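One-letter residues, chain by chain:
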Amino acid sequence: MSDKPPPPKKGLEEPEAAYQDDEDWLGSAEFLAWEERNKDALIESLREAEAQIERGEWFTLEETMARVRATIKRVAKKP
């Protein structure tokens, strides 16, 4: 056997949390304040989403990803 070190692993050497920008993180108090300010809009958005599901107006993840990929290809072709 050789004393050669093993090849480096692909990907992150450290856990992803080490790269998190703490300045953008909302603490509990800030999140609760944000939630309170936006409560009405959040509730309305959830009601609309539930109504869309009841009407059958929804897409599977596969359908959504296909649309995203098609949009990326279309935009990439523009000069």
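Keep in mind it's a predicted model, so treat the numbers as computed, not measured. Within any chain, residue numbers begin from 1 and follow the written order of that chain's sequence. Local features in a predicted model are, by the rule used here, given only for residues with pLDDT of at least 70; side-chain atom pairs are given and counted only at 80 or more, and totals for whole chains, interfaces and linings are based on all residues. Working from all heavy atoms in the structure, the side-chain values ignore hydrogens and water.

**Some points on the overall build of the protein**
Here a strand is any run of E in DSSP of at least two residues, a helix any run of H or I of at least four, and the numbering for each starts at the N terminus. Scanning the protein from N- to C-terminus turns up three helices and zero strands. Along its sequence from the N terminus, the protein presents helices and strands in the succession α-α-α. When a residue's accessible area, from a 1.4 Å probe over protein chains only, is under 20% of the maximum for its type it is buried; when over 50% it is exposed; and in between it is partly exposed. Counting only residues that meet the buried cut, the protein has 0% of its 79 residues in that class.

**What about the packing of aromatic side chains?**
For Phe, Tyr and Trp, rings pair up if their centres lie within 6.5 Å, where Trp contributes its six-membered ring, and each pair is then called stacked (planes under 30 degrees apart), edge-to-face (over 60) or tilted (otherwise). The final tally for this structure, using the stated rule, is one aromatic pair. Centroid distance phenylalanine 31 to tryptophan 34: 5.9 Å. Interplanar angle 25°. Geometry classified as stacked. On the criterion of helical spacing, the pair formed by phenylalanine 31 and tryptophan 34 is a turn pair, its members being three residues apart in helix α1 (residues 28–37). Among the residues examined, phenylalanine 31 registers a relative accessible area of 39% and is labelled partly exposed. A positively charged side chain is recorded as over a ring if its NZ (Lys) or CZ (Arg) lies within 6 Å of the ring centre. The angle to the ring normal must also be within 35 degrees. A cation over an aromatic ring shows up here: arginine 67 above the ring of phenylalanine 59, its NZ or CZ 4.7 Å from the ring centre.

**A look at a nonpolar patch on the surface**
A cluster of nonpolar side chains, namely Phe31, Leu32, Trp34 and Leu42, defines an oily patch on the protein surface of about 370 Å² accessible area. With three residues, α1 is the single largest residue contributor to the nonpolar patch. A patch is a set of surface residues, each over 30% in relative accessible area and not in a salt bridge, joined within 9 Å for like charges and within 5 Å for the nonpolar side chains Val, Leu, Ile, Met, Phe, Trp and Tyr. Where accessible areas are quoted, they stem from the Shrake-Rupley method and a 1.4 Å probe; at the residue level, only the protein chains shown are allowed to cover. What makes a salt bridge here is a side-chain nitrogen of Lys or Arg within 4 Å of a carboxyl oxygen of Asp or Glu, nothing more.

**As for the pattern of salt bridges**
Taken as a whole, this structure holds three salt bridges when the rule is applied. Taking the shortest distance from any N to any O, the salt bridge between glutamate 36 and lysine 39 comes out at 3.6 Å. With a shortest N-O distance of 3.2 Å, glutamate 48 and arginine 55 are connected by a salt bridge. For arginine 55, a relative accessible area of 48% gives the class partly exposed. Connected via shared salt-bridge partners are Glu48, Arg55 and Glu57.

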